Amino acid sequence: MIAAGFTGGEAEELRRAFGFKRSEKRMSEVEVKLRRGMEKKGITGEVQDTIVKSITSFALYGFPESHAASFALLAYASAYLKCHYLAAFTAAILNNQPMGFYSPATLVKDAQRHGLRVRAIDVTCSDWLCTIERDGEMLCVRLGLRFVKGLREEIGKGIVRQRGVRAFASIDD
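Per chain, residues are indexed from 1 in the order of the written sequence. For this predicted model, a pLDDT threshold of at least 70 governs which residues receive local features, and a threshold of 80 or more governs which side-chain atom pairs are given and counted, while totals over whole chains, interfaces and linings are taken from all residues. Excluding hydrogens and water, the side-chain values take into account all heavy atoms of the structure.

Peer 1: I'd like to hear about the overall build of the protein chain, residue by residue, with values.
Peer 2: Of regular secondary structure, the protein chain possesses 7 helices and 3 strands. Counting from the N terminus, the helices are the DSSP runs of H or I reaching at least four residues and the strands are the DSSP runs of E reaching at least two. Along the chain direction, N to C, the helices and strands of the protein chain fall in the order α-α-α-α-α-α-β-β-β-α. In this treatment the radius of gyration is a C-alpha quantity, and the globule benchmark scales as 2.2 Å times the residue count to the 0.38 power. A compact globule built from 173 residues would reach a C-alpha radius of gyration of about 16 Å, whereas the protein chain, at 27 Å, exceeds it by more than 25%. For the C-alpha atoms alone, the extent of the protein chain along its principal axes is close to 85 × 35 × 20 Å. Type-normalised accessible area, obtained with a 1.4 Å probe on protein chains alone, sets the label of each residue: buried when under 20%, exposed when over 50%, and partly exposed for intermediate values. By residue count, 25% of the 173 residues in the protein chain fall in the buried class. Contacts are assigned to residue pairs that have any heavy atoms within 4.5 Å of one another. A fraction of 42% describes how many contacts in the protein chain between residues 6 or more apart in sequence connect residues 24 or more apart. In this description, accessible areas are obtained by the Shrake-Rupley approach with a 1.4 Å probe, and a residue is regarded as covered only by the protein chains that are shown. For the protein chain, the computed accessible surface area is about 12,200 Å², with 59% contributed by carbon and sulfur atoms. Counted as positive: Lys and Arg. Counted as negative: Asp and Glu, with His and the chain ends omitted from the count. Think of each charge as sitting on NZ of Lys, CZ of Arg, CG of Asp or CD of Glu. Where the 26 positive side-chain charges of the protein chain centre and where its 20 negative ones centre are 2 Å apart.

Here it is as structure tokens:
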């Protein structure tokens, strides 16, 4: 703002142009404004080029770096939860699919490799979402009806409601 005499709005325009979804055209338009503003403030030549180069270099690397601390904290917290609360972590991850990283099957297999017992979908006891069940001293994850291929949520939740009215006594139920 000081070097180019930018208003708050112009500085925000610069930040957005050089942000995550950069456009070469938009960046070059803002660079022209930036250079004009610096010229008015007496910043020209090599000094101006150095400033523009610093900003454009940051634009190419700055977004990931600026989020690195947040990502590191999320990665650490996730690793801690997975290590110390595997059943709750796994149920939560499964209940929030799709997330775009790993398929539910991959998440289940990984949890099993780490010692978690994962119980199959069971119309007599599965809720719509995955739940945590106790097996003696051990916690297990019961897969939810949401993972039945082709089963719509309203139908799955209806099954859970009906089961709450009275237990299923037969296949007809």
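Right, picking up where we left off after that structure.
Peer 1: Go over the side chain of Arg 142, please, and point to the residues and values.
Peer 2: Here Arg 142 is to be found in strand β3 (residues 138–142). Throughout this description, a polar contact denotes any pair of N or O atoms lying within 3.5 Å of each other; where both atoms belong to protein, one of them has to be capable of donating a hydrogen while the other can accept it, and for residues adjacent in sequence the pair is counted only when both atoms sit in side chains. Among the polar contacts listed, one links the side chain of Arg 142 to the backbone oxygen of Ala 120, at a separation of 2.8 Å. In terms of polar contacts, Arg 142 uses its side chain to reach the side chain of Glu 133, at 3.0 Å. Aside from chain neighbours lying at most four places away, what touches Arg 142 is Arg 119, Ala 120, Asp 122, Cys 125, Ser 126, Cys 130, Thr 131 and Glu 133.

Peer 1: Could you give an account of the nonpolar core, naming the residues involved and the relevant values?
Peer 2: Counting 14 residues, the largest nonpolar core has Leu 94, Val 108, Leu 116, Val 118, Cys 130, Val 141 and Leu 143 as the members making the most contacts within it. Looking at this core, the elements that each hand over two or more residues are α5 (86–95) and α6 (104–113). In terms of residue count, the dominant contributor to this core is α5 (6 residues). If near-sequence neighbours (up to four positions away) are discounted, Val 118 is found in contact with Val 108, Gln 112, Val 141 and Leu 143. Buried residues of nine kinds, namely Ala, Val, Leu, Ile, Met, Phe, Trp, Tyr and Cys, make up a nonpolar core once their side-chain atoms join them within 4.5 Å.

Peer 1: Describe the environment of Ala 88, naming the residues involved and giving the relevant values.
Peer 2: Its location among the elements puts Ala 88 in helix α5. Its relative accessible area of 37% is what places Ala 88 among the partly exposed residues.

Peer 1: Let's hear about the pattern of salt bridges: which residues, and what values?
Peer 2: Should a side-chain nitrogen of Lys or Arg be within 4 Å of a carboxyl oxygen of Asp or Glu, the pair is scored as a salt bridge. Inspection of every chain in the model, using the stated rule, returns 13 salt bridges. Its salt-bridge partner being Asp 110, residue Lys 82 comes within 2.5 Å of it at the nearest N-O pair. Taken together, the residues Lys 82 in helix α4 (residues 68–84) and Asp 110 in helix α6 connect sequence positions 28 residues apart. Residue Lys 82 is classed as partly exposed on the basis of its relative accessible area of 27%. It is possible to trace a salt-bridge network through shared partners that takes in Arg 117, Arg 119, Glu 133, Asp 135 and Arg 142.

Peer 1: Residue-level account of the sheet that holds strand β2 (residues 131–135), with values.
Peer 2: If DSSP finds at least two bridges between two strands, the strands pair. Here we have 3 strands laid out as an open sheet, ordered β1-β3-β2, and mixed in their pairing. If you trace the sheet from one side to the other, it starts and ends with β1 (117–119) and β2, each paired once. Sheet twist, expressed as the mean angle between neighbouring strand axes with direction ignored, is 40 degrees. Of the strand pairs in this sheet, β2 and β3 are connected by 5 bridges, and their pairing is antiparallel. The partner of Asp 135 across the bridge, within β3, is Met 138. Note on method: axes are straight lines fitted to C-alpha atoms, helices fitted across the in-contact stretch only, with angles between N-to-C directions ranging 0 to 180 degrees. The sheet contacts of α5 involve β2 and β3, and relative to β3 the element is tilted by about 10 degrees.

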